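Breakdown of the fold
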Amino acid sequence: MATFSRIVIVFFCICSIDLLSVEVAAAGRNLRHDDEAGTLHDHYHHVKVSSLSPREDCRSSPKGQKQDAILEVVHSYGPCSKRNPDETNNPTHSEILERDEARVKYIRSRVSLPTVHKVAASAVTLPAKSGVSIGSGNYLVSVGLGTPARQLNLIFDTGSDFTWTQCKPCVGTCYSQVDAVFNPSASSTYTNISCSSAACASVASATSALPGCSGSTCVYGVQYGDSSFSVGFYGTETLTLTPGNVFPNFKFGCGENNQGFRGSDGLLGLGRNQVSAFSQVATKYGRYFSYCLPTRSGSGGSLTFGNSGSASSATVYTPLLSSSQNPTFYFLSLQGITVGGIKLSISPSVFSTAGTVIDSGTVITRLPPAAYSALKTTFKQLMSKYPITSAVSILDTCYDFSSYTSVSVPVITLLFSNGAQVRLGIPGILYGTSSQTCLAFAGNSDSSSVGILGNTQQQTFNVIYDVAGGRLGFGPGSCS
């Protein structure tokens, strides 16, 4: 059996609720709302209301310290992050969710009927609109680029293929970032890619835009859900994940006209396209990576390339699926949901009509209308003793717990194919603060829209992408 190298990248996040309990149900176990399935405690989380408010202090964990194969990274709005010089306030929950909706529209447009447009030779032509279309609940990883290596904080994104960073000179618009903008002329290993090369032609499959040409240099353009974009030269450079994990001739976009990604230096694409960062390092790491997304407790999570063989025996696996229409995304088969031990009466065809993708950049899980309606109805019935409060953007099932010291919240379990059952902890069920806490799910507007398993529901699990083995795993992790 071949031995693959492994690298870990640690990160922090902004999330809304501290970790209280996250468990993974053993494959094949059926939770039923009766005495044979266990006590009432098995079906409810008992929560201190004070824990529902996010922390504002930074508490680094041992995994967050600099070590040989570990890099510290932070979320752009988290308590341990660097602050953008032009941003003094974090976005509100409503703003985060509005941006999340833009992210979802971007994914839907790519999954449904992706279109390809032409990029002009000039790197200043795409329209701009202020915002963060890629979503506000995203996670940053720190990597080195160039020789000597310049550290960059990039959004890592399983729903995108193309990797890019802002570059000097900015011939159009460059948004403000904390780190110095990457200067390719200061690196001894940067090379432009020719617009007549096969590498240039391959850009269109990752950006949905035919590349342009400036002189003899390949020009890329990638545009996202709310017209945020990056346009620039396509080149190769040395990528350094750690001192022992260096990749020469790494292909990336050197953006000279960029809009809408404040809080990061660019994007690290981990989709399945041949252009993505995942594919470019796949040979060394055996087409295998995993991550643990932490809550806003201030302790670290991790992004790991390669299989160390340390996955918990409690990890459950479900087949990793793909779509011929858009192979970038990681699809999985969601087949059912239980709430408080009650299996909801939802036909598996409700989920299979449009399918479900797992995405590191979407904040809130989106369900088919019929599935969300059943979830919402049962959840409200089991939470009927608590006072309802106003909705928050796309979240329409919200409660005011401000007069309580503790509450009991029904456990939600997601049922996937191959018997994989993922029992969500409080961070995957509730979103908000003590005075306005909402069910952390939303419904799609129609049954033909793709479902999305968002990062709120993925928090604290060890999520394993065994692409070579064709499976996706959920294991207990708690990011420890």
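What counts, and at which threshold
- Residues numbered from 1 in each chain as written.
- Predicted model: local features only at pLDDT ≥ 70, side-chain atom pairs only at ≥ 80, totals over all residues.
- Heavy atoms only, no water.
- Helix = DSSP H or I, 4+ residues; strand = E, 2+ residues; numbered from the N terminus.
- Buried < 20%, exposed > 50% of the residue type's maximum accessible area, 1.4 Å probe, protein only.
- Contact = heavy atoms within 4.5 Å.
- Disulfide = S-S within 2.5 Å.
- Expected span 1.5 Å × (residues − 1).
- Core = buried A, V, L, I, M, F, W, Y, C linked by side-chain atoms within 4.5 Å.
- Salt bridge = Lys/Arg side-chain N within 4 Å of Asp/Glu carboxyl O.
- Phe/Tyr/Trp six-rings, centres within 6.5 Å; stacked < 30°, edge-to-face > 60°.
- Lys NZ or Arg CZ within 6 Å of the ring centre and 35° of its normal.
- Pairing = 2+ DSSP bridges.

1. Points about the overall build of the protein chain
- From N to C terminus, the protein chain includes 8 helices and 33 strands.
- For the protein chain, the proportion of its 480 residues judged to be buried stands at 59%.
- Within the protein chain, residue pairs in contact and separated by at least 24 positions form 76% of the contacts whose partners lie at least 6 positions apart.

2. Details of the state of the cysteines
- Counting across every chain of the model gives 5 disulfides.
- Through a disulfide, Cys398 is tied to Cys438; the S-S separation comes to 2.0 Å. Here the S-S torsion is close to 100°, and the disulfide linking Cys398 with Cys438 is therefore right-handed. Residue Cys398 is located in strand β24 (residues 398-399), and its partner Cys438 is located in strand β29 (residues 436-439); the two are separated by 40 residues in the primary sequence.
- Since its relative accessible area comes to 0%, Cys398 is described here as buried.
- For Cys438, a relative accessible area of 1% puts it in the buried group.

3. Focus on the side chain of Thr163
- Tracing the backbone shows Thr163 in the loop between β6 (150-157) and β7 (164-166).
- Here Thr163 is in contact with Phe250, Phe252, Gly253, Leu267, Leu268, Gly269 and Ala277, once residues within four sequence places are set aside.

4. Here we look at helix α1 (residues 93-112)
- Relative to the 28 Å expected for 20 residues at 1.5 Å per residue, α1 spans 28 Å between its end C-alpha atoms, a close match to the ideal helical length.
- All of the buried residues in α1 are Ile96, Leu97, Arg99, Asp100, Ala102, Arg103, Val104, Tyr106, Ile107, Arg108, Arg110 and Val111.

5. With respect to unusual backbone geometry
- Cis geometry marks the peptide bond from Thr147 to Pro148, where omega comes out at 0°.
- Along the polypeptide, Pro148 turns up in the loop between β5 (139-145) and β6.
- Its identity is not glycine, yet Arg287 carries a phi of approximately 50°, on the positive side.
- Among the secondary structure elements, Arg287 is positioned in the loop between α5 (282-285) and β15 (288-292).
- By relative accessible area, Arg287 is classed as partly exposed at 33%.
- For Thr460, which is not glycine, the phi dihedral falls at a positive 70°.
- With respect to the secondary-structure elements, Thr460 resides in the loop between α8 (455-458) and β32 (461-466).

6. Some thoughts on the nonpolar core
- Membership of the largest hydrophobic core comes to 71 residues, with the highest contact counts inside it found for Ile358, Leu375, Phe379, Ile412 and Phe474.
- Of all the elements, helix α7 (residues 369-382) adds the most residues to this core, at 5 residues.
- Listed in part, the 27 residues of the second largest apolar core include Val104, Ile193, Val203 and Cys218.

7. Brief notes about the pattern of salt bridges
- The final tally for this structure, using the stated rule, is 7 salt bridges.
- Arg103 is the partner of Asp157 in a salt bridge, and the nearest nitrogen-oxygen pair spans 2.6 Å. Here Arg103 lies in helix α1 and Asp157 lies in strand β6, a separation of 54 residues in the sequence. For the pair formed by Asp157 and Arg103, the shared burial category is buried.
- With a shortest N-O distance of 3.1 Å, Arg471 and Asp466 are connected by a salt bridge.
- Using a relative accessible area of 33% as the deciding quantity, one classes Arg471 as partly exposed.

8. Re the packing of aromatic side chains
- As enumerated under the stated definition, the model contains 22 aromatic pairs in all.
- Taking the centre distance of 4.7 Å and the plane angle of 40° together, the rings of Phe162 and Tyr220 count as tilted. In this pair, Phe162 is assigned in the loop between β6 and β7 and Tyr220 in strand β11 (residues 217-223), connecting sequence segments 58 residues apart. Take Phe162 and Tyr220: they sit in the same class, and that class is buried.
- Here Tyr291 and Tyr465 contribute two aromatic rings whose centre-to-centre distance is 5.4 Å and whose plane-to-plane angle is 45°, an arrangement assigned as tilted. One end of the pair, Tyr291, is in strand β15; the other, Tyr465, is in strand β32, with 174 residues separating them in the sequence. Considered together, Tyr291 and Tyr465 belong to a single accessibility category, that of buried residues.
- Three or more aromatic residues joined by ring pairs make a cluster, and in this case those are Phe156, Phe247, Phe278, Tyr285, Phe289, Tyr291, Phe305, Tyr330 and Tyr465.
- A cation sits over an aromatic face here: Arg471 above Tyr317, 3.7 Å from the ring centre.

9. As for the sheet that holds strand β19 (residues 334-339)
- An order of β20-β19-β26-β27 is seen for the 4 strands of this open sheet, with the pairing classed as antiparallel. Unpaired on one side and paired on the other, β20 (342-343) and β27 (421-423) mark the two borders of the sheet.
- In this structure, β19 lies alongside β20, joined through 2 bridges in antiparallel fashion. Bridge assignment links Val339 to a residue of β20, and that residue is Ile342.

10. Examining the pairing of β15
- Judged by how many residues are buried, β15 sits mostly within the fold: 5 of 5 residues are covered.
- Side chains Tyr288, Ser290 and Cys292 of β15 all project onto a buried face; the interleaved residues Phe289 and Tyr291 project onto the opposite face, where all are buried too.
- As paired elements, β15 and β32 share 5 bridges and run antiparallel to each other. The partner of Ser290 across the bridge, within β32, is Ile464.
- Pairing of β15 with strand β16 (residues 301-305), which is carried by 4 bridges, proceeds in the antiparallel orientation. In the strand pairing of β16, Tyr291 is matched with Leu303.

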